[in-house]
There are 4 protein chains.
Amino acid sequence: MTQLPISADLIADRNAVHLEALEDDYGALGRKLARAGIDIDAVKAKVAGFSVAVPSWGAGRGGTRFAKFPIPGEPTNIHEKLEDCAVIQQLGRTTPRVSPHFPWDKVSDYKALREEAAALGLGFDAVNSNTFQDQPGQAHTYANGSLAAQDAATRAQAVDHNIECIEIGRQLGSKDITVWVGDGTNFPGQQDLGRSLDRYLEAASQVYAALPDDWRMLLEHKMFEPAFYSTVISDWGSSILAAQELGPKAKCLVDLGHHAPNVNIEQIVARLHRFGKLGGFHFNDSKYGDDDLDSGSINPHQLFLVFNELAEAELNPREGFNPSYMIDQSHNVTDPIESMLSSAETIAQCYAKAALVDRDALHGAQEANDTMMAFQTLRRAYNTDVAPILAMARLEAGGAIDVLEAYRLSQYRSRKAQERKAVGRGAGIV
Amino acid sequence: MTQLPISADLIADRNAVHLEALEDDYGALGRKLARAGIDIDAVKAKVAGFSVAVPSWGAGRGGTRFAKFPIPGEPTNIHEKLEDCAVIQQLGRTTPRVSPHFPWDKVSDYKALREEAAALGLGFDAVNSNTFQDQPGQAHTYANGSLAAQDAATRAQAVDHNIECIEIGRQLGSKDITVWVGDGTNFPGQQDLGRSLDRYLEAASQVYAALPDDWRMLLEHKMFEPAFYSTVISDWGSSILAAQELGPKAKCLVDLGHHAPNVNIEQIVARLHRFGKLGGFHFNDSKYGDDDLDSGSINPHQLFLVFNELAEAELNPREGFNPSYMIDQSHNVTDPIESMLSSAETIAQCYAKAALVDRDALHGAQEANDTMMAFQTLRRAYNTDVAPILAMARLEAGGAIDVLEAYRLSQYRSRKAQERKAVGRGAGIV
Amino acid sequence: MTQLPISADLIADRNAVHLEALEDDYGALGRKLARAGIDIDAVKAKVAGFSVAVPSWGAGRGGTRFAKFPIPGEPTNIHEKLEDCAVIQQLGRTTPRVSPHFPWDKVSDYKALREEAAALGLGFDAVNSNTFQDQPGQAHTYANGSLAAQDAATRAQAVDHNIECIEIGRQLGSKDITVWVGDGTNFPGQQDLGRSLDRYLEAASQVYAALPDDWRMLLEHKMFEPAFYSTVISDWGSSILAAQELGPKAKCLVDLGHHAPNVNIEQIVARLHRFGKLGGFHFNDSKYGDDDLDSGSINPHQLFLVFNELAEAELNPREGFNPSYMIDQSHNVTDPIESMLSSAETIAQCYAKAALVDRDALHGAQEANDTMMAFQTLRRAYNTDVAPILAMARLEAGGAIDVLEAYRLSQYRSRKAQERKAVGRGAGIV
Amino acid sequence: MTQLPISADLIADRNAVHLEALEDDYGALGRKLARAGIDIDAVKAKVAGFSVAVPSWGAGRGGTRFAKFPIPGEPTNIHEKLEDCAVIQQLGRTTPRVSPHFPWDKVSDYKALREEAAALGLGFDAVNSNTFQDQPGQAHTYANGSLAAQDAATRAQAVDHNIECIEIGRQLGSKDITVWVGDGTNFPGQQDLGRSLDRYLEAASQVYAALPDDWRMLLEHKMFEPAFYSTVISDWGSSILAAQELGPKAKCLVDLGHHAPNVNIEQIVARLHRFGKLGGFHFNDSKYGDDDLDSGSINPHQLFLVFNELAEAELNPREGFNPSYMIDQSHNVTDPIESMLSSAETIAQCYAKAALVDRDALHGAQEANDTMMAFQTLRRAYNTDVAPILAMARLEAGGAIDVLEAYRLSQYRSRKAQERKAVGRGAGIV
């Protein structure tokens with residue numbers, strides 16, 4: 001039996017209050033779209049089929065090297081994190097899967113954990129390994145790297161940990177492992193830039209060899225942090241070449257905050273798809289570096305352009321199109337549940353807007369070198385306020401028309417603040 | 001009685017080994033400089049007068065939000081940190097002052113601390129306040145800002161802390177307080193960009209009012225981190241306007257890693273000097289953000305160009321020239337003592353190279369719009385290997401010709417690893 | 001008698017076709033806004049009062065140092081440019097003023113030019129001086145700078161040119177002069193960074209002294225290009241300090257493409273307003289450098305955030321609020337008229353969205369440190385599709401509901417292609 | 001018979017003046033290196049074997065889209081450009097080859113041109129095609145792209161032009177063709193990001209098919225300019241994937257100014273070598289974008305780190321190591337001959353410094369995770385003033401000890417100013 005954390009009555013009551021306004025907005029948008037030859041119900045159905053995973057660690061408050069400011073009622077273990085993720089899915093109906101991280105989410109019984117999640121209406125997405133931190137009792141330090149470390153025993157330990165994550169993932173129903181390593185250097189000369197990649201590839205191929213047939217290994221590149229001079233898989237070029245060497249089950253994962261300033265990320269998405277290696281996304285937003293801000297909070301247009309490429313890729317699948325979507329944010333100044341509710345909605349909005357683009361008009365303008373009309377075709381879709389479509393899809397799926405309002409009225413966090421143990425202050429690392 | 005941590009015999013023995021080579025190199029460089037009309041001994045004397053402070057916190061291993069990897073023998077309190085700083089000064093003879101940070105370096109008796117430092121051959125530089133972290137028992141959280149916080153009681157608490165730091169600094173013999181706040185936002189709209197600066201200025205003016213007559217208040221700007229959308233004092237423009245409002249004792253401090261990509265930092269130095277507000281530096285290097293790498297490890301030429309501006313400023317002091325110099329680095333992958341020995345030498349090298357620039361030739365070429373010769377004049381100085389000048393100055397001041405060699409031979413760190421208590425693993429913040 | 005270039009019948013016919021749909025959309029949006037306590041007609045009236053100037057040079061096709069690809073029917077003199085600008089204003093009703101550039105727009109009779117513009121429904125905005133190019137017969141080259149040049153005669157020539165521009169502007173009815181200089185260096189050492197600013201300030205003060213009482217001098221900063229190592233007025237910090245030295249009639253102009261990567265431009269706007277020096281804008285968009293792309297084409301959310309600051313500034317005028325708005329784009333791949341029609345609409349959309357922000361809710365959330373609700377308040381306004389408001393305002397002012405459609409149907413450009421002389425291929429500069 | 005442009009007597013006279021100082025410096029450096037186990041004469045011999053090509057177009061003054069400021073005596077055709085390149089080679093002895101650009105350097109008789117060059121002591125390097133500008137009488141415009149254009153006839157024209165360049169190159173003795181296209185977009189939606197790459201690859205493969213067996217096709221990526229939203233070959237990832245599709249004779253060319261801000265270029269060099277696709281370099285320097293400044297003028301340390309990777313690659317050739325080296329700069333504010341003399345020397349200095357690195361010590365420190373010593377090993381080589389080695393190598397090869405001094409004393413440019421026809425003012429593109 002599914003036991004959802006928020007009162008169904010509360011949701012229903014608030015939806016009843018909002019229904020008339022929603023129907024008015026939805027009707028008006030429907031007429032507007034119909035004039036452009038678009039069936040709003042078909043778009044709503046498409047949106048209803050869209051989903052994005054949430055990260056278990058995203059349920060806790062994040063921080064920087066300077067400090068972390070916890071909030072009362074934060075989750076401190078995977079069980080509490082699942083409960084929080086269930087709130088997000090119950091209200092928003094776009095986030096049915098949770099992506100776990102090991103060893104942070106280690107438990108003794110993964111079958112039970114899977115059942116616990118199912119009872120909350122949740123499944124599991126990609127598993128994430130952690131070789132960027134040392135754990136108590138660990139034999140070899142990752143201070144000098146993990147899969148790319150100079151020391152063979154350290155590399156073997158990192159390989160073993162990844163294989164263990166795959167094994168856990170099989171029990172949880174995952175089909176992907178996401179591999180991000182912080183390996184790199186802070187000084188010119190610290191490591192040989194060629195040989196460190198050789199070591200990475202050799203170790204990664206051992207992880208790859210342990211993949212079940214229907215699994216994928218998602219390589220996540222990142223320009224910098226924690227390494228500040230060089231990073232072994234620093235950009236999409238390194239990532240795709242590594243994925244090519246590893247084999248067909250290796251794909252590239254794009255985190256929107258892991259790129260150099262000014263880079264055209266939507267073109268990287270198009271390139272990865274063009275060469276058969278687009279594996280998925282870690283959605284977030286950033287202004288400076290890997291800021292891990294809420295998706296679309298800084299540059300919502302860029303997020304739309306990414307989904308525009310995905311819509312094109314779906315129409316033109318070349319070697320297949322099956323990207324994994326996940327939120328990966330650090331909620332330093334908000335209630336993580338609120339941020340993920342808002343972010344999932346923003347992501348789905350961009351998906352919906354991309355679905356509104358008149359592809360025939362776009363392609364026609366492109367073929368005619370009619371730059372202005374090609375641009376206007378995209379911009380018209382971007383400017384459309386698709387909120388009514390998403391709200392109607394949520395309503396029909398049992399979610400809340402106004403997700404933040406319902407969450408606040410539920411007083412979920414203050415109840416948890418009484419039930420859960422307090423999180424210690426994060427004194428920072430400096 | 002001064003009690004220095006490294007054996008004087010060890011230093012003398014190694015210096016004896018290196019002396020002949022040094023004299024050969026120094027002699028050759030002296031002849032080369034003499035052909036260009038430069039007296040090497042005069043440059044050596046200038047270099048011998050140069051110094052830069054080290055930060056107490058720099059003596060410990062740093063980290064990122066992902067992890068911190070401690071090393072055996074790290075200092076865990078201000079007494080051990082002073083001892084480590086004494087090693088740096090004893091060997092390198094360029095770092096006679098330590099910059100303390102509160103509450104990290106809090107003790108019950110500051111008079112005793114000052115005497116303890118003096119016995120190690122050290123004095124104190126600028127005091128640093130900390131309003132970017134919450135401390136146990138603190139009445140008001142800095143989660144939403146400190147000097148610029150919306151909440152008046154929080155601002156008052158931050159003001160009081162800064163005034164307490166000034167009071168401590170008076171006891172320690174400091175003359176400057178460096179004020180860096182992390183105040184800012186992660187979301188558009190989170191705070192009003194105008195009113196938050198109003199609050200900052202109002203609170204900062206209360207700190208300013210508590211300054212002794214012969215003190216300065218050094219405002220340190222930073223583009224981002226810990227705030228990732230906006231920061232209240234984000235750039236030199238905000239910093240200098242704030243300093244103008246506060247009054248003549250308020251000056252601007254330049255941290256080399258706190259700027260937007262591609263920015264011309266040496267021009268910012270020139271601008272701050274031009275408008276009478278150049279207060280000092282936090283030296284480090286960076287490739288991406290506030291990476292806090294070793295000074296000059298990434299872009300030594302930029303560091304030279306900064307010192308070239310300082311040499312010009314000294315010749316043309318306008319409203320005075322008295323910048324404070326300090327190292328501010330995060331030693332994530334090295335022994336902090338080694339990094340500060342190496343960094344202090346790099347900084348002094350840039351100072352020495354700037355001193356070698358033929359200013360008459362430079363100014364003549366500038367006046368003649370002879371771009372190539374102006375550039376060559378700078379480049380000739382930059383290309384000069386000034387190591388012999390620094391080594392000879394160190395030797396004459398009682399330091400080591402080869403500082404890293406002497407440090408390693410002393411086995412200081414392994415001795416401390418046996419004496420000192422272990423530092424806990426930094427699990428990261430994420 | 002006003003003689004507008006596009007047939008009024010054509011506009012009326014097309015408006016009749018679109019009217020019913022517009023009324024439906026406008027009505028639905030009106031109901032939606034009314035539910036949030038906003039009167040759509042009041043917003044429409046506000047939007048109807050908004051305007052932005054267009055640059056005379058923007059009417060021609062732009063290019064890069066590599067090439068320029070002209071289009072048939074491009075204007076080749078100020079008379080043809082005015083005619084094109086009249087098309088933009090006739091259809092869009094947001095761009096009633098043209099900003100001229102000298103010597104490019106030099107004529108023998110400025111009184112006649114002003115009357116010619118008035119007959120086309122146009123007035124004149126800020127005049128722009130040009131000291132970044134040499135003109136035939138010019139006594140002194142700007143190869144080594146203009147207002148900041150080493151050579152006194154060159155500086156005097158640049159001052160005289162600016163004063164001549166003011167004199168022309170008086171005849172044309174302008175009230176502002178925009179001063180942008182490319183002065184800077186390509187090599188470290190090429191010029192002294194302090195003394196070149198001294199020269200700039202001394203020369204600029206001579207221009208300032210020639211300003212009529214009711215004029216302003218708008219200083220435009222730019223990070224780089226044409227100078228690639230340093231630029232004399234490279235950032236808002238240099239700009240505001242220069243404006244402070246010059247006097248109260250000197251203000252700072254913000255071109256959206258003239259900043260370092262990642263910089264928070266809306267905060268710069270807030271800072272300039274806070275310190276009484278916000279003079280105006282050159283609107284465009286960019287992804288990499290001074291790309292001069294169409295306004296809002298790359299980052300429309302940033303443009304909205306700029307207008308959000310302007311809305312706050314208007315409510316909180318401190319030392320006054322009177323910014324000058326202008327488009328400044330390089331139309332390398334589109335018909336310039338289409339780009340300016342589209343850009344003016346985008347800019348007005350951002351103005352309208354900023355007007356929709358519930359300021360009480362925003363300020364309340366800010367005061368309560370309710371980050372999520374503060375953000376949502378902005379985001380709700382940004383997500384609103386304000387196109388019906390703008391279209392209704394245009395319709396009522398005599399413009400076209402669908403400006404691009406009306407322009408294309410008018411076949412204006414192909415008619416001009418037959419009338420006007422061809423523009424030569426731009427072979428590039430390389 | 002070789003006819004060199006500068007008087008051999010002048011060179012000999014000046015060398016005689018400088019010889020004694022050079023011998024002193026060379027001797028001292030030799031003793032210093034000997035103490036580190038390095039034979040200075042062996043390094044000198046290595047440096048004597050190093051060379052870098054100069055671009056024919058680099059002999060003329062460059063400019064920006066705003067203006068070009070010509071100098072008296074600039075070359076206006078390939079014959080004059082060859083003469084200028086002969087000056088550079090005669091004095092510097094590091095630049096024996098010229099890289100021509102078509103159609104800029106078109107002549108009727110290439111056999112004669114090759115002989116003309118040989119008589120000046122010069123050969124030809126890679127040929128460069130130009131499909132970023134329209135030429136008089138050209139059938140199809142490149143306004144909407146060339147190899148990636150939507151229009152098939154335009155693509156065919158671009159393919160034909162490249163094949164013609166290969167044919168010319170065969171006559172000139174070239175072995176490489178460098179293909180850089182400006183193809184891209186200024187607006188989201190302007191072109192399909194996937195299909196434009198398909199078209200590029202299809203057209204590029206036709207050029208590839210026309211390559212002689214012993215030729216290479218060097219693909220040059222560039223982030224932006226002339227296209228400001230997307231570029232078809234924008235980064236090394238796109239470049240290497242394209243080179244993989246084309247075949248083994250396709251390699252990647254790295255221009256140091258064509259990358260995103262903050263990117264680690266030396267790691268890109270290491271990656272291209274690791275995957276067998278490092279084709280060569282366009283050397284220059286930049287602070288902001290594709291500034292095309294003099295090599296090493298902004299960040300000489302980065303240039304050294306690139307050569308450090310090349311030294312590693314030579315030791316560990318994997319699939320071969322044969323990069324092509326060329327200067328590619330825009331000399332906007334200097335005499336191009338002086339800039340190329342200075343740049344070639346800077347490049348050779350970095351090569352020499354990389355040759356000084358104690359590879360055994362470096363690799364040993366890397367294997368021991370001794371970060372500080374690995375860094376110091378590089379830094380020691382970088383800090384060495386290698387000028388005496390280069391000067392001695394030049395002297396022995398018949399060049400000038402002080403190349404700029406000899407050039408200025410020769411009065412070459414003022415003689416050419418009298419002989420050559422004047423270049424027109426560049427009015428800019430804006």
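Computed from a prediction, not measured in an experiment: that's the story for all the values here. (Residues numbered from 1 in each chain as written. Chains lettered and ligands numbered in written order. Predicted model: local features only at pLDDT ≥ 70, side-chain atom pairs only at ≥ 80, totals over all residues. Heavy atoms only, no water.)

A.B. asks: What exactly am I supposed to notice about the overall build of chain A here?
C.D. replies: Scanning chain A from N- to C-terminus turns up 15 helices and 12 strands. The globule rule puts the C-alpha radius of gyration for 430 residues at 22 Å, and the 22 Å found for chain A is close to it. With the C-alpha coordinates of chain A rotated into their principal frame, the extents come out at 65 × 60 × 40 Å. For chain A, with 430 residues in total, the buried portion stands at 69%. A total of about 13,300 Å² of accessible surface is found on chain A, and carbon and sulfur atoms cover 49% of it. Of the charged side chains in chain A, 41 are positive and 57 negative, and the gap between their average positions amounts to 1 Å. (Helix = DSSP H or I, 4+ residues; strand = E, 2+ residues; numbered from the N terminus. Rg over C-alpha atoms; globule rule 2.2 N^0.38 Å. Buried < 20%, exposed > 50% of the residue type's maximum accessible area, 1.4 Å probe, protein only. Areas by Shrake-Rupley, 256 points an atom, 1.4 Å probe, with all protein chains shown as cover. Lys, Arg positive; Asp, Glu negative; His and termini not counted. Charge placed at Lys NZ, Arg CZ, Asp CG, Glu CD.)

A.B. asks: Whenever I open this one, the sheet that holds strand β1 (residues 54-55) of chain A confuses me. Can you help?
C.D. replies: One key point about sheets: their strands pair by backbone hydrogen bonds, in either a parallel or an antiparallel sense. All names here are of chain A. What the 3 strands build is an open sheet, ordered β1-β2-β4; its pairing is parallel. Two strands close off the open sheet at either side, each with one partner strand: β1 and β4 (123-124). As paired strands, β1 and strand β2 (residues 97-99) are joined by 2 bridges and run parallel to one another. Bridging across to β2, Val-54 finds its partner in Val-98. (Pairing = 2+ DSSP bridges.)

A.B. asks: Could you clarify how one ought to interpret the sheet that holds strand β4 (residues 123-124) of chain D in this entry?
C.D. replies: Pairing in this open sheet of 3 strands is parallel, and the strands run β1-β2-β4 (chain D) from one edge to the other. Edge positions in the sheet fall to β1 (54-55) and β4 of chain D, since each has one partner strand and no second.

A.B. asks: Could you clarify how one ought to interpret the interface of chain D and chain C in this entry?
C.D. replies: How big an interface is tends to be stated in terms of the accessible area lost upon association of its parts. Counting residues at the interface gives 51 residues for chain D and 51 residues for chain C. Approximately 4,500 Å² of surface area, both sides summed, lies buried where chain D meets chain C, with 66% of it carried by carbon and sulfur atoms. One can count 6 salt bridges joining chain D with chain C. Considered class by class, the residues forming the side of chain D that touches chain C number 24 nonpolar, 16 polar and 11 charged. (Contact = heavy atoms within 4.5 Å. Buried area = accessible area lost by both parts, 1.4 Å probe. Salt bridge = Lys/Arg side-chain N within 4 Å of Asp/Glu carboxyl O. Nonpolar A, V, L, I, M, F, W, Y, C, P; charged D, E, K, R; others polar.)

A.B. asks: Which parts of the structure should I look at to understand the environment of C:Ala210?
C.D. replies: All names here are of chain C. Along the chain, the position of Ala-210 falls in the loop between α6 (193-209) and β8 (216-220). What makes Ala-210 partly exposed here is its relative accessible area of 29%. C-alpha separation for the pair Ala-210 and Thr-141, spaced 69 residues apart in sequence, amounts to 23 Å. Aside from chain neighbours lying at most four places away, what touches Ala-210 is Ile-163 and Ile-166.

A.B. asks: What am I meant to see in the interface of chain A and chain D here?
C.D. replies: On the side of chain D, 54 residues touch chain A, which itself brings 54 residues to the contact. Summed over the shared surface of chain A and chain D, the number is 8 salt bridges. With a shortest N-O distance of 3.1 Å, D:Arg195 and A:Glu312 are connected by a salt bridge. Our enumeration of links across chain A and chain D arrives at 28 residue pairs in polar contact (both at pLDDT 80 or more). If you list the elements that add at least two residues to the side of chain A that touches chain D, you get α6 (193-209), β9 (230-231), α7 (236-246), α8 (265-274), α9 (300-315), α11 (359-367) and α12 (371-383) of chain A. At 7 residues, the largest contribution of residues to the side of chain A that touches chain D is made by α7(A). (Polar contact = N/O pair within 3.5 Å; in protein donor to acceptor, adjacent residues only side chain to side chain.)

A.B. asks: Just checking my understanding: could you explain the pattern of salt bridges for this structure?
C.D. replies: Pairing of side chains with opposite charge becomes possible as their charged atoms draw close. Per the stated rule, a full pass over the model turns up 136 salt bridges over all chains. The partner of A:Lys106 in a salt bridge is A:Glu164, with the nearest N and O atoms 3.3 Å apart. Residue A:Lys106 is located in the loop between β3 (101-102) and α4 (110-119), and its partner A:Glu164 is located in helix α5 (residues 152-172); the two are separated by 58 residues in the primary sequence. Judged by relative accessible area, which is 47%, A:Lys106 ranks as partly exposed. C:Glu338 serves as the salt-bridge partner of C:Arg408, at 2.8 Å between the closest nitrogen and oxygen. With C:Arg408 in helix α14 (residues 403-410) and C:Glu338 in helix α10 (residues 336-356), the pair connects residues that are 70 residues apart, well separated along the chain. Judged by relative accessible area, C:Arg408 falls into the partly exposed class, the value being 33%. Via salt bridges that share partners, A:Glu80, A:Glu83, A:Asp84, A:Asp335, A:Arg413, A:Lys416, A:Glu419 and A:Arg420 belong to a single interconnected network.

A.B. asks: For this particular structure, what's the right way to read the relation of the copies chain A and chain D?
C.D. replies: Expressed as a screw operation, the relation of chain A to chain D combines 0.0 Å of axial shift with a rotation of 180°, fitting to an RMSD of 0.0 Å. The transformation relating the two chain copies, once decomposed into turn and shift, fits a two-fold axis. Residues of chain A ranked by C-alpha distance from the rotation axis are headed by A:Gly237, positioned 2.0 Å from it. Interface residue correspondence from chain A to chain D reaches 100%, placing this contact among same-surface, isologous pairings. (Least-squares fit on C-alpha atoms with pLDDT ≥ 70 in both.)

A.B. asks: What's the story with the packing of aromatic side chains in this structure? I'm lost.
C.D. replies: The relation between two aromatic rings is expressed through the spacing of the ring centres and the mutual angle of the planes. Taken as a whole and assessed by the stated rule, the structure comprises 78 aromatic pairs over all chains. With a centroid separation of 5.8 Å and 80° between ring planes, the pair formed by B:Phe102 and B:Tyr110 is classed as edge-to-face. For the pair formed by B:Phe102 and B:Tyr110, the shared burial category is buried. With a centroid separation of 5.2 Å and an interplanar angle of 45°, the aromatic rings of C:Phe304 and C:Tyr382 are classed as tilted. Here C:Phe304, found in helix α9 (residues 300-315), pairs with C:Tyr382, found in helix α12 (residues 371-383); they are 78 residues apart in sequence, far enough to count as distant. Exposure class is identical for C:Phe304 and C:Tyr382. Each is buried. Put simply, the rings of A:Phe50, A:Phe281, A:Phe283, A:Phe307, A:Tyr325 and A:Tyr351 pair up and form one aromatic cluster. We note B:Arg274 situated over the ring of B:Phe275; from NZ or CZ to the ring centre the distance is 4.9 Å. (Phe/Tyr/Trp six-rings, centres within 6.5 Å; stacked < 30°, edge-to-face > 60°. Lys NZ or Arg CZ within 6 Å of the ring centre and 35° of its normal.)

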